[in-house]
Structure formats: structure tokens, C-alpha cells
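Listed below, chain by chain, are the residues.
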Amino acid sequence: FFFSGLTATEKKLAEYKCNTNEAIQLKLVRFPEDLEDENTTFNPEYSHQVFGDDEVAFGYKGLKILLYYIAGNLSTLFRVEYTSRVNEKFDCVEADDVESKIREIIPPGFCTNTDDFVSLLEKEVNFKPFGMLLHTYSIHNEEAGEDITYQIYKADMTCPGFREYHERLQTFLMWFIETASFIDVDDERWNYFLVFEKYNKDGATLFATVGYMTVYNYYVYPDKTRPRVSQMLILPPFQGEGHGAQLLETVHRYYTSSPTVLDITAEDPSENYVKLRDFVLVKLCQDLLCFSPVKLMQGFSQEMVTEAQQKLKINKQHTRRVYEILRLRATNMGDAEQSRSYRLDVKRRLIGPYKKKQRELAKMRRCLRPEEMTNQLNQIDLNLQREQLEESFQQLVSDYRRVLERLAQA
């Protein structure tokens, strides 16, 4: 009997568990009617940094955590709603303090009721982007049946109001970047690049936040810097429209014009970022003389490294990828000789880490007892190595083909 009682309680408790990725409802609001429109709502991809690895909030039924932002300056409405919550009848069980968990990541000064929020919305017409305009572009919007204009700005903490705006903006990182962390804005070596959409409301031109990138300028002895992309986020309503490529290309062009910049790198890049970077760098490099089809067929050269670095601030490792992608485009993979030559060239690079491991083994061989040695050797079965190599190669070629397809459409 005791056990069945326990499961009944457990069942009851289970009803009070909510998936926080579903409970959190985000919105970028332009018009008062957006508040009621479910089509403008989007959810986080991650909430583990705030609610733990299970991404669960306990103690509520029908939990809704509303985080609504005014599209431009990101003034925030924060409310927690639910149909019921656990009460003291459950022994020693308390509902999670959802509110204080959210308050830890959103800056103070948010609204808690809709009326205040709507009255702030009326002042949005005064919001203008921060900093210096770097680039304007337009994208045709099927739904609206018109071209929409976007602008990219470079800002810093000396721009009035930018510090507070950035605090609101960076909260999105928690929901969309798996290992996000907030940066130290008092360090002057940070650069901020922001993307805005221009839109019309009652005859006026307003600006909506689309996304942003932070870049840290590392010092390189004696008189150079190496900008490193730290975080990049295009907000979900704007993803898949090409803004990431526009932003990355604009940032590259911005640093390219600076004689003190050595090259541009990225911190712990995600798979998606690498794909984006491949596309942008190949697009920038394809017209350089060192990447002419004739030169591509002669193999990777120092000339490519030098020209890509001097003209476009691209480092050696990234230049090598650009070369492999452009060489794939110039190679007739149906031709046995060309195809074999390409395969060998790429595999020679891929085998580098294995070779290094073998060199380490040779060293170990000199100082290990024979039986310890066999254990080590078993780990590196040559057939397995060949299989892994072939798999890596095939994966790479399919990634490269996607870049080339996108390039053909650009």
C-alpha cells in the first residue's frame, strides 16, 4: 500500500513539471497587436544555463514565462503566469522560484504589466541605432512582396544608452547559444557590430534589432592586433535570410581596411559558424589571382597564404579551407586523375593528427615495456584509421559542396 501511495504522489508531482524551453515565450514587438499574435512568439533553443540540465521548472501547471521585447531598443516586459502551483499540502515540496532565476539574467528596469509596456512602445519612434553605419543592404521579402532594408553599425560603450541596450540584448545569448557567457563590457578592446531592419509605422521610419556580433581585439607583439569573433547571434525571426553572411562579410571588410590588423579568428566556433565562415571567405577570396583555376591545380601555396592575409586578413588555417573548396569547384570529380589528385591533397592534410600520434608512439616505444606498448598500438588500428580518414573526407566534400551551391546562388 505504501508504495502505491508513493507513486500516486509522484504522479501528482510529475504533473507539476514544465519544460522551460516551451514555457519561455519570447517576442519582438513592433505593434500593440503583436502582443496577442501567436505567430510572433518564439521559444528558446536552450534554457539549461538558467534552469539546469533537465530544462525543467517544478511546481507549476500551465507555466508561461513571458519575455517580450520592444523590437528596437529591447525594453522588456517580464511576467510569470500559470494555472496552478503546488501548495504546502505536499510535504517539504516547494515550487521553483522561477522569477528570481530570470531576474538574474535580465537587467532591472523591466515592465511587469502590459499597459506600461504599450506606452513605451509609443516612444519607440525615437530609437535610433548606435554608432557608425558600415553597410546597408536589402533583401526581398516574399511575404511582404517588397525589398526590406537592413543596416549594420559598429558601436562601442561610449555611445549614449548603448551599455543598457547591450545588457538587454545579451540576454538572448542564454537562450540560443549553448555555452553562452556575458562579457566584461568595461574592457575597451571589445567591438560590437549590430544589424537593424528599417520598417515603417504610421509614416515614420523605425529600426528593429536583427542580431549582433562581439569581437575582441587581441594584442600581437609588437604593434598588431588579432580580432577574434566571440559571439554572434541572429535572432530567430530573422534566421535563414542571409544576415549572418552580411554581418560577417561586413566585419571582415571593416578590419581589412586597418593596417594594424594581422588576421581574424574565432573563439570556439560552432559547426554553423564554420559553414557560414567558409561561405563568406570563399566569396571574398574567389577573385584573388592566387586562387585562379590554374594555380589551384598546382596545390596549396605560400602565395595564397600571403595574399589572403594581406588583402583580406584571413589566417593560414582558414585559407587552406578556402583553397580546398575552390579547388573542388575547379576539379572535374568525374575525371579519375583529377579526382584522385584532389582526394590525396585533402587527405594529406587530414592525416596530420594521425601522423603526430604515430610520432608520439615512436617516442613511447623507446621508454615503455613491450606489454604496455601493445595496448597503445591496439588503439591505432590502421584499417580503422583509413576508414576514419575516408569518412572525414566524404563529410568535408559534402560540406564544401553546400558552400559551393550557396555561392552559385549568391
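Only a predicted model underlies this, so the values are computations on that prediction, with no experimental measurement involved.

Participant: Quick one: what's the story with empty space enclosed by the protein, residue by residue and with numbers?
Facilitator: Counted by the stated rule, this structure contains 1 cavity of 30 Å³ or more. As for the largest cavity, its lining consists of Val 229, Leu 248, His 252, Ile 264, Thr 265, Ala 266, Tyr 273, Arg 277, Leu 281 and His 318. If you list the elements that add at least two residues to the lining of the largest cavity, you get α7 (243-256), β14 (265-266) and α8 (271-285). No other element matches α8, which puts 3 residues into the lining of the largest cavity. Looking at the lining of the largest cavity residue by residue, the classes come out as 6 nonpolar, 3 polar and 1 charged.

Participant: Tell me about the UniProt feature "site: Interaction with histone H4 N-terminus" (unreviewed entry) in the protein chain, and please be specific about residues and values.
Facilitator: The positions UniProt marks with the feature "site: Interaction with histone H4 N-terminus" (unreviewed entry) are Trp 190. Relative to the helices and strands, Trp 190 is located in strand β11 (residues 190-201). Those residues within four positions of Trp 190 in sequence are excluded, and the remaining contacts are Ile 183, Asp 184, Thr 214, Val 215, Tyr 216 and Ser 230.

Participant: Can you tell me about the packing of aromatic side chains, naming the residues and giving the values?
Facilitator: Tallying each qualifying case throughout the model produces 22 aromatic pairs. When the centroid spacing of 5.6 Å and the interplanar angle of 65 degrees are considered together, the rings of Phe 193 and Tyr 254 count as edge-to-face. In this pair, Phe 193 sits in strand β11 while Tyr 254 sits in helix α7, placing the two residues 61 residues apart along the sequence. Of the residues examined, Tyr 254 reaches a relative accessible area of 26% and is grouped as partly exposed.

Participant: Would you mind going over the sheet that holds strand β2 (residues 24-29) in detail, with residue names and values included?
Facilitator: With mixed pairing, the 4 strands of this open sheet are ordered in space as β3-β2-β6-β7. Edge positions in the open sheet fall to β3 (41-42) and β7 (76-81), since each of these has one partner strand only. Note that strand β6 (residues 64-70) and β7 share 6 bridges and pair antiparallel. Bridge pairing in β7 places Leu 66 opposite Arg 79. Together, β2, β6 and β7 form the strand contacts of helix α5 (residues 114-122), whose direction differs from that of β6 by roughly 20 degrees.

Participant: Please set out the nonpolar core residue by residue, giving values where relevant.
Facilitator: If you look at the biggest cluster of nonpolar residues, it comprises 106 residues, and the most contacted ones within it are Trp 175 and Phe 291. Apart from the residues lying within four places of it in its own chain, the contact partners of Trp 175 are Ile 24, Leu 26, Pro 44, Glu 45, Tyr 46, Ser 47, Val 50, Leu 67, Ile 102 and Ile 105. Core analysis: the next-biggest nonpolar cluster, separate from the first, contains 9 residues, Tyr 68, Ile 70, Leu 77 and Leu 121 among them.

Participant: Explain the packing of helix α12 (residues 336-350) against helix α15 (residues 382-409) residue by residue, including any values.
Facilitator: Between α12 and α15, the least distance of the axes is 10 Å, while the angle of their chain directions is 115 degrees. By the angle class used here, α12 and α15 are roughly perpendicular. As α12 runs across α15, the sense of the crossing is right-handed. When α12 is examined against α15, the residues Tyr 342, Arg 343, Val 346, Lys 347, Arg 349 and Leu 350 are found in contact with a partner set consisting of Leu 389, Glu 390, Ser 392, Phe 393, Gln 394, Leu 396, Val 397 and Tyr 400. Looking at side-chain class alone, the contact of α12 with α15 contains 8 nonpolar, 2 polar and 4 charged residues.

Participant: Let's hear about the side chain of Gln 231: which residues, and what values?
Facilitator: With respect to the secondary-structure elements, Gln 231 resides in strand β13 (residues 224-234). Of the polar contacts made by the side chain of Gln 231, one reaches the backbone oxygen of Ser 181; its length is 2.6 Å. If near-sequence neighbours (up to four positions away) are discounted, Gln 231 is found in contact with Leu 173, Ser 181, Ile 183, Tyr 212, Met 213 and Thr 214.

Participant: Tell me what's going on with the environment of Asp 268, and back it up with residues and numbers.
Facilitator: When you line up the elements, Asp 268 lands in the loop between β14 and α8. In this structure Asp 268 comes out as exposed when scored by relative accessible area, which is 68%. Sequence separation between Asp 268 and Val 80 is 188 residues; the distance between their C-alpha atoms is 35 Å.

Participant: Explain the pattern of salt bridges residue by residue, including any values.
Facilitator: Applying the stated criterion across every chain yields a total of 21 salt bridges. Of the charged contacts, one joins Arg 163 and Asp 186 as a salt bridge, the two residues approaching to 3.0 Å between their closest N and O atoms. Of this pair, Arg 163 sits in helix α6 (residues 162-176) while Asp 186 sits in the loop between α6 and β11; the two residues are 23 residues apart in sequence, bridging distant segments of the chain. Measuring nitrogen to oxygen at the nearest pair gives 2.9 Å for the salt bridge that ties Glu 307 to Lys 311.

Thresholds applied
Residues numbered from 1 in each chain as written. Predicted model: local features only at pLDDT ≥ 70, side-chain atom pairs only at ≥ 80, totals over all residues. Heavy atoms only, no water. 1 Å grid on protein atoms, 1.4 Å probe; cavity = no way out; pocket = protein on both sides within 12 Å on 5 of 7 lines; lining within 4 Å. Points joined across faces, edges and corners; volume = space filled by probe spheres on them. Helix = DSSP H or I, 4+ residues; strand = E, 2+ residues; numbered from the N terminus. Nonpolar A, V, L, I, M, F, W, Y, C, P; charged D, E, K, R; others polar. UniProt positions renumbered as here; feature names shortened; annotations may be inferred. Contact = heavy atoms within 4.5 Å. Phe/Tyr/Trp six-rings, centres within 6.5 Å; stacked < 30°, edge-to-face > 60°. Buried < 20%, exposed > 50% of the residue type's maximum accessible area, 1.4 Å probe, protein only. Pairing = 2+ DSSP bridges. Axes fitted to C-alpha atoms, helices over the stretch in contact; angles between N-to-C directions. Core = buried A, V, L, I, M, F, W, Y, C linked by side-chain atoms within 4.5 Å. Parallel < 35°, antiparallel > 145°, perpendicular 65-115°, else oblique. Left-handed = near helix turned anticlockwise from the far one by under 90°. Polar contact = N/O pair within 3.5 Å; in protein donor to acceptor, adjacent residues only side chain to side chain. Salt bridge = Lys/Arg side-chain N within 4 Å of Asp/Glu carboxyl O.

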